[in-house]
Amino acid sequence: MNYLQKRNKKILFYLSRFPDFGGIERVTATLANYLSNQNISVDILSVRYNDKIDYTLNKQINIYHLPNSINLTSNNNIHYLQTLIDKNNYTTIIFQDSYETIEVLLYRINIRSAKLIIAEHNDPMAGFKLYTFKIKSRQLSLKEWIKLPLTLYYLTYKTRQRYRELYKYCNDYILLSTSFINGFKLISGLKTLEKLSTINNPLTIQRPISIPLKDKIVIFAGRLTSQKGIELLLDIWKLVQPKCPEWTLKIAGDGELRSIIENRINKEKISNIELLGYVSNMESLYKNASIFTMTSIFEGWGLVLTEAMSFGCVPIAFHSFASATDIIKNNINGFLIKPYNKKDYAHCLECLLKNENKLKILSNNAYQYSNFFNINNIGKQWLNMI
């Protein structure tokens, strides 16, 4: 794509909230800056926004918000978006939030000749995996048990219906990994998938020029929710900590299970563990930590894995999402553990904490491999797509 071709491109990212704390928002900002640096005009439109968060965006990038965040298909929103599209003549609209049902607004307007790209930032089978785990581990509440038939109906018929509609409406459908294609086929029931492509998420933080000096720190970063498997991590740390008392586990993040986690730590006297709450500067944690733990029931990509690896943190995760193998090469740059085997996870973590040489080798491999996901590599794939 030459200079003049790039200047004629106009991109609109559409998502449910921007700015915000999540991975989708960070990826959107990173991609928007990259494309803007390529002399492509970029705007961002979101349904909601958090005015307490400030993103570092190129000055040329405009951020728009819908006038009515409650009634998505209100006349005000329809008029606002149609006017925005007519005025700016976008050549590509990238719907970044396909697991949020905000596409209904796009169905109500004329996007003219713009190319519509849908980017799915989750495992297509995420809902099934979460409920399978909850059923097997008996974590469903009485209310969830009562609603289970309706939930399963939604996860099958309704989800298939929505995937088919999205696929029909778009020009290109992007998954985060080739490993998600079979799941997409299964849940959508589509037989021909010529619109389907895959692009990994880019690193959203600056990779240091070398691996920083490390302390005896293990970290976790994520929302304190059942999806992130935070209670599994407590069970694992209880097994490991008495055998490795010089190591500390630091948990970055907040969420609905915060009080439950605090109560368990106090009641069960779990030592060498710190709840940090929301951490705005994750780089400082990645810099000092030796190991990054992930215990998610499912993920779309696991952006924190590549972020941590870019600072030489060795990742350990459950092989609970297909794209994990795109990031972690088992016993080379980290470890993948059979879901949700806490004993195997604890054994692997303990062995790593006690083997300094192994830890250094994997740390260097993780650091080197993370460069594959730098924005220059991933951005070129997006340039080809648009």
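My aim in this report is to walk through the structure given alongside it, one point at a time. For clarity, every value in this text was computed on a predicted model and none was experimentally measured.

## So, the packing of aromatic side chains
Alright, step 1. As enumerated under the stated definition, the model contains 15 aromatic pairs in all.
Alright, step 2. Measuring from ring centre to ring centre gives 4.9 Å for Y173 and F184, while their planes differ by 50 degrees; the resulting arrangement is tilted. Separated by eleven residues along the polypeptide, Y173 in strand β6 (residues 172-175) and F184 in helix α7 (residues 181-188) bring together distant segments of the chain. For the pair formed by Y173 and F184, the shared burial category is buried.
Alright, step 3. Considering the side-chain rings of Y369 and F373, the 5.7 Å spacing of their centres and the 75 degrees angle between planes classify their relative orientation as edge-to-face.
Alright, step 4. What makes Y369 partly exposed here is its relative accessible area of 25%.
Alright, step 5. Grouping aromatic residues by their ring pairs yields a cluster made of Y163, Y167, Y173 and F184.

## Quick notes on the environment of M385
Alright, step 1. Here M385 is to be found in helix α15 (residues 375-385).
Alright, step 2. M385 has contacts with K115, I117, D172, I174 and S197, leaving out every residue within four places of it along the chain.

## Remarks on the sheet that holds strand β1 (residues 10-17)
Alright, step 1. Strand order in this open sheet of seven strands is β3-β2-β1-β4-β5-β6-β7, and the pairing throughout is parallel. If you trace the sheet from one side to the other, it starts and ends with β3 (62-65) and β7 (196-198), each paired once. Neighbouring strand axes in the sheet, compared pairwise and without regard to direction, differ in orientation by 25 degrees on average.
Alright, step 2. Sheet strands touched by helix α6 (residues 142-169): β4 (92-95), β5 (115-119), β6 and β7. Its angle to β6, the strand with the most contacts, is close to 125 degrees.

## Section: the sheet that holds strand β12 (residues 314-318)
Alright, step 1. Strand order in the open sheet formed by six strands is β10-β9-β8-β11-β12-β13, with parallel pairing between adjacent strands. Every other strand in the sheet has two partners, leaving β10 (273-277) and β13 (335-337) as the edge strands with one partner each. Strand-to-strand, the axes of this sheet are offset by a mean angle of 20 degrees, without reference to chain direction.
Alright, step 2. Note that strand β9 (residues 248-252) and β10 share four bridges and pair parallel. Across the sheet, A252 pairs through a bridge with G277, a residue of β10.
Alright, step 3. Strands in contact with helix α8 (residues 230-240) are β8 (217-221), β9, β10, β11 (291-294) and β12; relative to β9, the strand with the most contacts, it is inclined by about 170 degrees.

Basis of the calculations
Residues numbered from 1 in each chain as written. Predicted model: local features only at pLDDT ≥ 70, side-chain atom pairs only at ≥ 80, totals over all residues. Heavy atoms only, no water. Phe/Tyr/Trp six-rings, centres within 6.5 Å; stacked < 30°, edge-to-face > 60°. Helix = DSSP H or I, 4+ residues; strand = E, 2+ residues; numbered from the N terminus. Buried < 20%, exposed > 50% of the residue type's maximum accessible area, 1.4 Å probe, protein only. Contact = heavy atoms within 4.5 Å. Pairing = 2+ DSSP bridges. Axes fitted to C-alpha atoms, helices over the stretch in contact; angles between N-to-C directions.

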